[in-house]
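# Architecture and fold: a report
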Amino acid sequence: RSICPNKPNELVPDGCASYSTIEELNEKLYPLVNDITQETDYFGYYRLDLFGRTCPFWSDDEGMCGNIACAVTTIDEKDIPPIWRAGELGKLAGPKASHPATRQPDEPSPLAGALGEETEESCVVEEDECDERDYCLPEDESAGGKGDYVSLTENPERFTGYAGAGAANVWKAIYRENCFSKPRGESSLASAGGVMGAGGNGFQGFAPPGSQAAMGFVNVMQHKGKLDLNNLEVDDECLEKRVFHRVISGMHASISMHLCWDYLNQSTGEWSPNLSCFISRFENYPERLQNIYFNYALLARAIGKLRNYLPTYTFCSGDYYQNRITKSKVVKLANTAASTAPQIFDESLMFRDEMVGLKEEFRNRFRNVSRLMDCVGCDKCRLWGKVQTQGYGTALKILFEFDESKNADGNPVLRRTEMVALFNTFGRVSHSLRALEGFSRMLNEKDEAD
Ligand code: FAD
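Just so we're clear, the structure is a prediction, and the values are computed from it rather than from any experiment. (Residues numbered from 1 in each chain as written. Predicted model: local features only at pLDDT ≥ 70, side-chain atom pairs only at ≥ 80, totals over all residues.)

### Considerations on the UniProt feature "binding site: FAD" (unreviewed entry) in the protein
To be explicit about the condition: UniProt positions are given in the numbering used here, feature names are shortened, and annotations may be inferred rather than shown by experiment. Elements are defined by DSSP. Helices are runs of H or I of four residues or more, strands are runs of E of two residues or more, and each kind is numbered from the N terminus.
UniProt's feature table lists "binding site: FAD" (unreviewed entry) at Arg158, Thr160, Trp171, Ser249, His252 and Arg281, given in the numbering used throughout. Among the structural elements, Arg158 can be located in the loop between β3 (148-151) and α4 (164-176). Here Arg281 lies in helix α7 (residues 275-283).

As structure tokens, this is what we get:
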């Protein structure tokens, strides 16, 4: 049994071709992004306010997850490269703050290795204010230095047992943010808890999971090599709204994929893929798989768009050689993505008609989704939920606010947390496609055995 023939073909007459295009790209990108996220210090640590914020929308102590698998181990600040410590970050003045360990030109660097010419570049960007172009709330800065450091490699996203009404309510509230039909300033969450207003655009309806509007992975071969978003115009919903839904649904599907792939067998105590979990969450919902591919295309395009930005960005770990190695890996990934990704996702089709305020609403609603992560009652799920909403928020910022012909000086600033979140989110989606291959093989073996 193959996954492909099960995918709906209403809008995708030759859908498997576009899936295979992305699968081929992933063959090249997966080893690169895996190396970046698993093997570099820069991308392995994330700073966030994991425990300090309460859910701004409701109180739900019963929705807390008490399983050991939900727990996150935080890192003592002394084990973090000095350059990222809160004390050092507190000294920084703004987006163009210089390296914390500022020294005289002739003075040797107090940090491991010589920082060389990169020393005077903007090293760690910490802003107190939310940039109006952000699609997500800054994680670390707004915590006023109270954030925790977490090793992403030591706290992998996997099955935690978090489920039931608590988890369902969070997903429900997240999908409700897709209702772009309220009058301006009246977000569904704004009425529930005083959230920043999001304007309406007059479009009616909400694409429930599985509806036609949520489907439609467009065949790249048929549309001049582009993932032609306009061809998803199947009913009265605007393109941007459907993109919003697909980003959320694709993130949800990727989380489901990982919890099924890295599942705890409670009788043996072993972690392994759980085929029944995969079947129950995906077999009758091909659009969920489509949305993972959609997010892959979106993230790969955003990373490719950074190819001129990254060479002048400083990856500070306190070690010159590590910085150089990290940068070369990231630049290689961006160049490889850039050579293919523009053909599979074309963001220029979005936000170009007469609907004033739509982009702002899109941004505000995405920020609300990031606020909802504080309502997730499982620490590990909250950690990865925050990383991934920040990652998609960063990708949207790059897609809609960046000029790809310019370097880091001519574009909005990306904070370290945004960079780390973006690449780890891409790593998650890339791994989801790998897990999908694994489940496809297991399904075939099962069919042959039956
Ligand atoms: P859920 O996944 O809770 O889905 C709720 C409803 O949403 C479904 O009934 C369906 O109608 C709809 N739906 C499901 N998938 C999609 C989709 N892709 N697109 C559109 N609609 C959909 N659990 C873990 O074990 N590990 C984790 O790391 C983890 N992280 C989480 C992060 C967040 C932000 C949240 C909110 C939950 C997380 N969970 C995690 C819980 C997990 O996502 C599920 O909620 C839980 O496994 C229960 O699953 P369910 O089958 O009841 O449906």
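There's more to say after this.
### Digging into the environment of Leu396
As a reminder of what qualifies: Contact between residues is assigned whenever the C-beta positions, reconstructed from backbone atoms, fall within 7 Å.
The topology assignment puts Leu396 in helix α11 (residues 379-401). Remark: the alpha-carbon pair of Leu396 and Gly161, spanning 235 residues in sequence, is separated by 31 Å. Other than its neighbours up to four places away in sequence, Leu396 contacts Tyr135 and Phe366.

### Some details on the pairing of β3
For the record, the criterion: Using C-beta atoms placed from the backbone, we call a residue buried if 20 or more other C-beta atoms fall within 10 Å of its own, exposed if 12 or fewer do, and partly exposed for counts in between. At least two bridges found by DSSP between two strands is the condition for calling them paired.
The alternating pattern of β3 places Asp148 and Val150 on a buried face and Tyr149 and Ser151 on a face that is not buried. One ladder, built from 4 bridges, connects strand β1 (residues 45-48) with β3; its direction is antiparallel. By the bridge assignment, Leu48 is partnered in β3 with Asp148. Two strands pair when backbone bridges link them, and strand β2 (residues 74-75) and β3 are joined in this way by 2 bridges, in the antiparallel orientation.

### Regarding the sheet that holds β3
Spatial ordering of the open sheet is given by β1-β3-β2, a layout of 3 strands whose pairing is antiparallel. A strand with exactly one partner marks an edge of an open sheet, and here the two such strands are β1 and β2.

### Considering the packing of helix α10 (residues 358-372) against α11
Packed helix pairs are characterised by how far apart their axes lie and by the angle those axes make with each other. The condition is simple: Orientation is described by lines fitted to C-alpha atoms, with helices fitted over the stretch in contact, and by angles between N-to-C directions that extend from 0 to 180 degrees. If an angle is under 35 degrees, it is roughly parallel; if it is over 145, roughly antiparallel; if it lies from 65 to 115, roughly perpendicular; otherwise it is oblique. Crossing handedness is defined as follows: a turn of the near helix away from the far one that is anticlockwise and smaller than a right angle gives a left-handed crossing, while the clockwise case is right-handed. When residues are sorted by character, Ala, Val, Leu, Ile, Met, Phe, Trp, Tyr, Cys and Pro go into the nonpolar class, Asp, Glu, Lys and Arg into the charged class, and all the rest, Gly among them, into the polar class.
For the pair α10 and α11, the least separation of the axes is 10 Å and the interaxial angle reads 165 degrees. Taken as axis vectors, α10 and α11 run roughly antiparallel relative to one another. Once α10 is placed against α11, the crossing between them reads as left-handed. Counting all contacts with α10, which are made through Lys359, Phe366, Val369 and Ser370, the residues of α11 involved are Thr389, Gln390, Gly393, Leu396 and Phe400. Its residues assigned to classes, the contact of α10 with α11 shows 4 nonpolar, 4 polar and 1 charged.

### Considering the UniProt feature "active site" (unreviewed entry) in the protein
Within this numbering scheme, the UniProt entry marks Cys378 and Cys381 as carrying the feature "active site" (unreviewed entry). As for its position among the elements, Cys378 is in the loop between α10 and α11. The residues touching Cys378, leaving out its near neighbours within four places in the chain, are Cys65, Cys70, Thr160 and Tyr162. Looking at the secondary structure, you find Cys381 in helix α11. When neighbours within four sequence positions are excluded, Cys381 is seen to be in contact with Cys70, Thr160, Tyr162 and Val376.

### What about the packing of helix α6 (residues 239-261) against helix α8 (residues 286-304)?
At a minimum axis separation of 8 Å, α6 and α8 run at an interaxial angle of 110 degrees. As the angle between them shows, α6 and α8 are arranged roughly perpendicular. Along the contact surface, α6 presents Arg246, Val247, Ser249, Gly250, Met251, Ala253, Ser254 and Met257, while α8 presents Arg288, Leu289, Asn291, Ile292, Phe294, Asn295 and Leu298. Residues that form the contact of α6 with α8 fall into these classes: 8 nonpolar, 5 polar and 2 charged.

### Some remarks on the nonpolar core
Selection rule: To form a nonpolar core, buried Ala, Val, Leu, Ile, Met, Phe, Trp, Tyr and Cys residues must be joined through C-beta atoms within 7 Å.
Of all hydrophobic cores here, the largest spans 86 residues; its most connected members are Tyr296, Ala297, Leu299, Ile303, Leu333 and Ala395. If you tally residues by element for this core, the top one is α8, at 11 residues. Filtering out sequence-adjacent residues up to four positions away, Ile303 remains in contact with Leu333, Ala334, Ala337 and Phe426.

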